[in-house]
Amino acid sequence: MALPTPDFRALFEAAPAPYLVLDPSLAIVAVSDAYLRATLIEREKVLGRGIFDVFPDNPDDPAADGVRNLKASLERVRRELVPDSMAVQKYDIRRPDSEGGGFEERYWSPVNTPVLGPDGKLAYIIHRVEDVTEFVKLKNLGREQEKVTAELQSRASRMEAEIYERAHQVAEANRELQRANLEMARLYEKTKELDQLKTEFFSNVSHELRTPLTLILGPVERLLATEPLSEKARRNLTVVAQSARLLLKHVGDLLDVSKLEAGKMKIRYVETDAAALVRVAASHFDSLAGERGIAFAIQAEGSLPAPIDPDKYQRILLNLLSNAFKFTPEGGRLRCSLRKDEKKGTAVLEVADSGPGIRPEHREMVFERFRQVEGDAARRHGGTGLGLAIARDFALLHGGTLEILDAPEGGALFRLEVPLKAPEGMAVEKMDAEALAAPEAAAPLVQELRARDEAPVLSPEAAEGLVLVVEDNPEMNRFVRESLAGAHKTESAFEGREGLQKALALRPDVIVSDVMMPGMSGDMLVRELRSRPEFAGTPILLLTAKADDDLRIRLLREGAQDYLTKPFAVEELRARVGNLLRGKLAAEKSEKLAADLLEKNERLERLATQFQAANQELESFSYSVSHDLRAPLRSLDGFAHALLEDYGSKFDEKGRDYLARLRAAAVRMGALIDDLLKLSRATRAEGRYEEADLSEMARAVLADLGKNDPSRAVQVHVQEGIKVRGDPGLLRAALDNLLRNAWKFTAKTPTARIEFGRQAGENGLPGPCFVRDNGAGFDEKYAHKLFAPFQRLHTADEFPGTGIGLATVQRIIARHGGRLWAEGAVGKGATFWFEV
């Protein structure tokens, strides 16, 4: 028999305790009969009114603080969504006119409790009070009332200990809790801000890098398809295309991460034959397995219908196979199997290998973004550290799981389980041919795993000196050797330990080594060589894609003579190697050279103490941009330069134009990466505060601009004596960006004028500084876009740039506790104001 639905309103209003219900705006929405009796109010006259309109402070009591204390308690409940017990309060109530009006002295013990809605947000606040007026009056008067019943005496004795102790504890706890909550709120908001900035940063960077990559791939693919090329030229262009596709894959991973963090990644369910999809995707690794002598078993026979997102499911599988091939040794075993679990109703995909495996304490760590268990310079495998993180996220989007176990083959086993039934209410599309198409991501993944190419690079017999090139990337190794082959004899090694063995056997005149290599890294190789007296005078040039001052100082301190950041110009590499070789042959200059290295070490060591990592995820991203994104870019520019230099005469005008556009896109991309790193350093650098002469800095920057662009006649005016306290290096960078911005946007103005000055403030105090020009200007309704990364109000054809400079200025001024704003009009110039 079904029970009747209770009348909850009647139950609430008849409750024996005094209750009042408030909505989030603190308006009264319900009140119990006991509360009406205790506070001398009428329900019809208070519903819908604010609580403080109904219960104001007693105007005749100048010490009344009931409203203030109750407001503070209710605000804590609204902000923190937790109950709040108040100390005993003196809160007089207003008597009705029928009882003579005025206020009656009352004491209360209140408790305020939040009620949350289904969405987790505040819906109501229950305000419960207990009238303790009699007890307080008895305590204050110090008299015993003989007429009080035994129950009241028992109640008073209980409350004496409880109320006063609770009042003291609650008041103190509230003060401590308020301080802690304020600090937690500040840290929480800062964390949310950093997380949002990081997500936006990833998304913007990914989108911005796709444009130059498209401009690189397009001309290269047209050249390969239409031009008659020699075998060497075709090989070089193929390397450029492969590097660009690999870089595009890294960019795609970064874009996926930004979408996942922003909650914008959606799943598209398609009725798919999962077994056929696994066979197609895994087959791309057959040739690689053959090259390495790996026994590769694909166990996905028959058909296994499943509602999945084909693209995301293939991406999971490709990332798992790529990871397995990285760690499976030559001659090892690797298995990819798919089966149906009837009991769970899931499709179970396993990728197992005979590699070193993953220790249990590291198994969750490998799914963290940018995390690599091998994190130092000697890690055996490159990458951005995003593949397994994305695979786990895609598995969760399917409502599935991805875990790591011990493989029967001896290494790691990755097990993916996804339901064989789509969630209730989700649309499932019919399967089409595209669902089983070859995944675009497979080619760059396999190419990245290819065995190294050890084809010899010939050097002329008359070449001066022997240069040993130690570089694990086969194409980079070949590129460096080909760049030096015209002037020097060269020999190659593909990791540090092999480099050490060849150095001992060949005694080269100069060693050029990468820093990050498998087994023995470049810095480890330097230490090994310097520990042997016979190599004390052998020059070592280190190559790295990681622009890190601390690393550079450490490597120079440990014995490297020089340091070159990738991507580098071929002529710079030749010049540096030539200088090192001539320095070795000129024994009389060796002592001076050693002293000058020492001086640079000390200067850089002092500088290094000022830089600390402020956020681990941003540091990981800076590493990804500077190393893994630069690695393919260095091949693009280097081989394009080699083609123009060695085969330029064999191309027609259209072919040379394609190569020129390719190099221009590579240069633009390099500049964008440099600007991004500047922006990151401006955000993370430690400040060094001292007096800085901005007038002197501005004159120096404008002088440099005039020397670099002597064809322009620009009227400049710098106000004298503008000094502030701040970090001179960061402030110089901010002024440099602002003045270069003014120089650029006055390029089309017949009589250009640039002014730097400071406005007078109130009461004789200095006002904000400004950089003003009469150039192109901007529409002020778009002023809010000026200081966001990649936001530009003019096209690259009108005024070149990366959209990073003003964002860097904004970060620097913010680090000084100041603010930056802009004023302008189209065709009438712009003024950038800043306060420090």
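Residue numbering note: each chain is counted from 1, following its sequence as written. Whole-chain, interface and lining totals are the exception, using all residues; otherwise, since this is a predicted model, local features are given only for residues with pLDDT of at least 70 and side-chain atom pairs are given and counted only at 80 or more. Just so you know, side-chain values use all the structure's heavy atoms and leave hydrogens and water out.

Q: In this structure, what is going on with the overall build of the protein? I would like to understand it.
A: Along the backbone of the protein there are 24 helices and 28 strands. We call a residue buried when its accessible area falls under 20% of the maximum for its residue type, exposed when it is over 50%, and partly exposed in between, using a 1.4 Å probe and counting protein chains only. Going through the 836 residues of the protein one by one, you find that 49% of them count as buried. Throughout, a contact is declared for two residues whenever any of their heavy atoms are within 4.5 Å. The contacts of the protein with a sequence gap of at least 6 include a subset with a gap of at least 24, amounting to 68%. A run of DSSP states H or I qualifies as a helix once it reaches four residues; a run of E qualifies as a strand once it reaches two. Both are numbered from the N-terminal end.

Q: Which parts of the structure should I look at to understand the side chain of serine 513?
A: With respect to the secondary-structure elements, serine 513 resides in strand β19 (residues 510–514). The class for serine 513 is buried, based on a relative accessible area of 1%. For serine 513, the residues in contact, after removing those within four places along its chain, are Val470, Gly522, Leu525, Leu541, Leu542 and Leu543.

Q: Mind showing me how you'd approach empty space enclosed by the protein here?
A: In this approach, a probe sized like a water molecule rolls over the atoms, and the result shows the empty space that is left. In this analysis the probe radius is 1.4 Å and the grid spacing 1 Å, with only protein atoms considered; a cavity is a set of points the probe fits into but cannot get out of, a pocket is an open set with protein on both sides within 12 Å along at least five of seven lines, and lining residues have an atom within 4 Å of a point. Grid points are joined across faces, edges and corners, and a volume is the space filled by probe spheres set on the points. Applying the stated criterion across every chain yields a total of two cavities of 30 Å³ or more. What the largest cavity holds in volume is close to 150 Å³. Lining of the largest cavity is provided by 13 residues; of these, Tyr35, Tyr91, Trp108, His127 and Val129 occupy positions nearest its centre. Looking at side-chain class alone, the lining of the largest cavity contains ten nonpolar, three polar and no charged residues. Under the scheme applied, nonpolar residues are Ala, Val, Leu, Ile, Met, Phe, Trp, Tyr, Cys and Pro; charged residues are Asp, Glu, Lys and Arg; polar residues are all the others, including Gly.

Q: Explain the packing of aromatic side chains to me, please; I cannot follow it from the model alone.
A: Two numbers describe a pair of aromatic rings. These are the distance of the centres and the angle of the planes. Put simply, two rings from Phe, Tyr or Trp (the six-membered ring, in Trp's case) pair if the centres are within 6.5 Å, and we call them stacked under 30 degrees between planes, edge-to-face over 60, tilted for the rest. Considering all chains together, one arrives at eight aromatic pairs under this definition. With centroids separated by 5.3 Å and ring planes inclined at 50°, the aromatic side chains of phenylalanine 770 and tryptophan 833 adopt a geometry described as tilted. With phenylalanine 770 in strand β26 (residues 766–773) and tryptophan 833 in strand β28 (residues 830–835), the pair connects residues that are 63 residues apart, well separated along the chain. Assessed through its relative accessible area of 7%, phenylalanine 770 is described here as buried. Feature note: the residues Phe285, Phe296 and Phe325 constitute an aromatic cluster, connected by ring pairs. The aromatic ring of phenylalanine 535 is capped on one face by arginine 507, whose charged end is 5.2 Å from the ring centroid. One cation-aromatic arrangement involves arginine 819 over tryptophan 821; the distance from NZ or CZ to the ring centre is 3.8 Å. Here, a charge over a ring means that NZ of Lys or CZ of Arg falls within 6 Å of the ring centre while also lying within 35 degrees of the ring normal.

Q: It is not clear to me how the sheet that holds strand β17 (residues 466–470) should be interpreted in this structure. Could you clarify?
A: By definition, the strands of a sheet pair up through backbone hydrogen bonds, in either a parallel or an antiparallel sense. Two strands pair under a simple rule: DSSP has to find at least two bridges between them. The sheet built from five strands is open, its strands ordered β18-β17-β19-β20-β21 with parallel pairing. Of all strands in the sheet, those with a lone pairing partner are β18 (489–493) and β21 (562–565), marking the two edges. Each adjacent strand pair in this sheet contributes to an overall mean axis angle of 20°, direction not counted. Where β17 and β18 come together, five bridges link them in parallel fashion. Counted as the bridge partner of valine 470 is alanine 493 from β18. Axes here refer to lines fitted to C-alpha atoms; in helices the fit is confined to the stretch in contact. Angles between the N-to-C directions go from 0 to 180 degrees. Helix α14 (residues 474–484) contacts β17, β18, β19 and β20 (540–544) of the sheet and is inclined by roughly 170° relative to β18. Contacts from helix α15 (residues 496–506) reach β17, β18 and β19, with the element oriented near 140° to β18.

Q: How should I be thinking about the sheet that holds strand β13 (residues 333–341) in this particular structure?
A: Pairing in this open sheet of five strands is mixed, and the strands run β11-β13-β14-β16-β15 from one edge to the other. For this open sheet the edge positions go to β11 (295–299) and β15 (401–406), each flanked by a neighbour on one side alone. Ignoring strand direction, the axes of neighbouring strands in this sheet form an average angle of 15°. Pairing between β11 and β13: five bridges, direction parallel. Bridging across to β13, alanine 295 finds its partner in arginine 333. Here helix α9 (residues 274–283) sits on the sheet in contact with β11, β13 and β14 (346–353), set at roughly 170° to β13. Docked against the sheet, helix α12 (residues 387–397) engages β15 and β16 (412–419), running at close to 125° with respect to β15.

Q: Looking at this structure, how should I read the pairing of strand β8 (residues 111–116)?
A: Regular strands place their side chains on alternate faces of the sheet. In this sheet, β8 lies alongside strand β3 (residues 84–85) in antiparallel orientation, the contact comprising two bridges. Across the sheet, the residue bridging to serine 85 is valine 111, located in β8. What sits between β8 and strand β9 (residues 122–128) in their antiparallel hairpin is a turn of five residues, with glycine 120 showing a positive phi close to 80°.

Q: In this structure, what is going on with the nonpolar core? I would like to understand it.
A: General note: in soluble globular proteins, nonpolar side chains tend to be found buried as a group. Phe296, Tyr313, Leu321, Cys336, Leu338 and Phe414 are the most contacted members of the largest nonpolar core, which has 46 residues in total. Sort the elements by how many residues they give to this core and helix α11 (residues 310–327) lands first, with eight residues. Tyrosine 313 has contacts with Leu277, Val278, Ile308, Leu338, Leu349, His398, Leu416 and Val418, leaving out every residue within four places of it along the chain. Side-chain atoms within 4.5 Å link the members of a nonpolar core, which is a set of buried Ala, Val, Leu, Ile, Met, Phe, Trp, Tyr and Cys residues. Grouped together as the second largest cluster of nonpolar side chains are 42 residues, Leu213, Leu543, Ala640 and Tyr647 included.

Q: Any chance you could explain the pattern of salt bridges here in plain terms?
A: Side chains bearing opposite charge may pair, as long as their charged atoms lie close to each other. Basic side-chain nitrogens of Lys or Arg form a salt bridge, by our definition, when they fall within 4 Å of a carboxyl oxygen of Asp or Glu. Evaluated as defined, the whole model comprises 38 salt bridges. Here aspartate 92 ties to lysine 90 by a salt bridge, and the two come within 3.0 Å at their closest N and O atoms. Because the salt bridges share partners, they merge into one network encompassing Arg335, Arg339, Glu350, Glu409 and Arg415.

Q: How do you make sense of helix α16 (residues 522–530) when you look at a structure like this?
A: At 3.6 residues per turn, the α-helix brings residues three or four places apart onto the same side. Listing the buried residues of α16 in full gives Gly522, Asp523, Leu525, Val526 and Leu529. Along the axis of α16, the buried residues cluster in a sector spanning 155°; they form a single face. This arc is taken over the directions from the axis of the helix to the C-beta atoms.

Q: What am I meant to see in α11 here?
A: By this rule, a helix spans an expected 1.5 Å times one less than how many residues it contains. For α11, spanning 18 residues, the distance from its first C-alpha to its last is 26 Å, which sits close to the expected 26 Å at 1.5 Å a residue. Here α11 starts with a cap whose side-chain oxygen sits 3.2 Å from the backbone nitrogen of aspartate 311, and that cap is aspartate 309. In protein, a polar contact requires one atom able to donate a hydrogen and another able to accept it; more generally it is a pair of N or O atoms within 3.5 Å, and residues adjacent in sequence count only if both atoms are side-chain atoms.

Q: Is there a simple way to explain the environment of phenylalanine 414 in this structure?
A: Among the secondary structure elements, phenylalanine 414 is positioned in strand β16. For the pair phenylalanine 414 and glutamate 350, spaced 64 residues apart in the sequence, the C-alpha separation amounts to 5.6 Å. Leave out the neighbours within four places in its chain, and phenylalanine 414 touches Leu320, Asn323, Leu349, Glu350, Val351, Ile358, Phe367, Leu388, Leu402, Glu403 and Ile404.

Q: Which parts of the structure should I look at to understand the packing of α15 against α16?
A: Packed helices, taken two at a time, are described by their axes: the angle between them and the distance between them. At their nearest, the axes of α15 and α16 sit 9 Å apart, and the two run at 30° to each other. Taken together, the axes of α15 and α16 are roughly parallel relative to one another. Seen from above, α15 lies across α16 with right-handed handedness. Here Gly496, Gly499, Leu500 and Ala503 of α15 lie close against α16, whose contacting residues are Leu525, Glu528 and Leu529. Tallied by class, the residues present in the contact of α15 with α16 amount to four nonpolar, two polar and one charged. An angle counts as roughly parallel when it lies under 35 degrees, as roughly antiparallel when it exceeds 145, as roughly perpendicular when it falls between 65 and 115, and as oblique in every other case. Each crossing gets its handedness from the near helix: less than a right angle anticlockwise from the far helix is left-handed, clockwise is right-handed.

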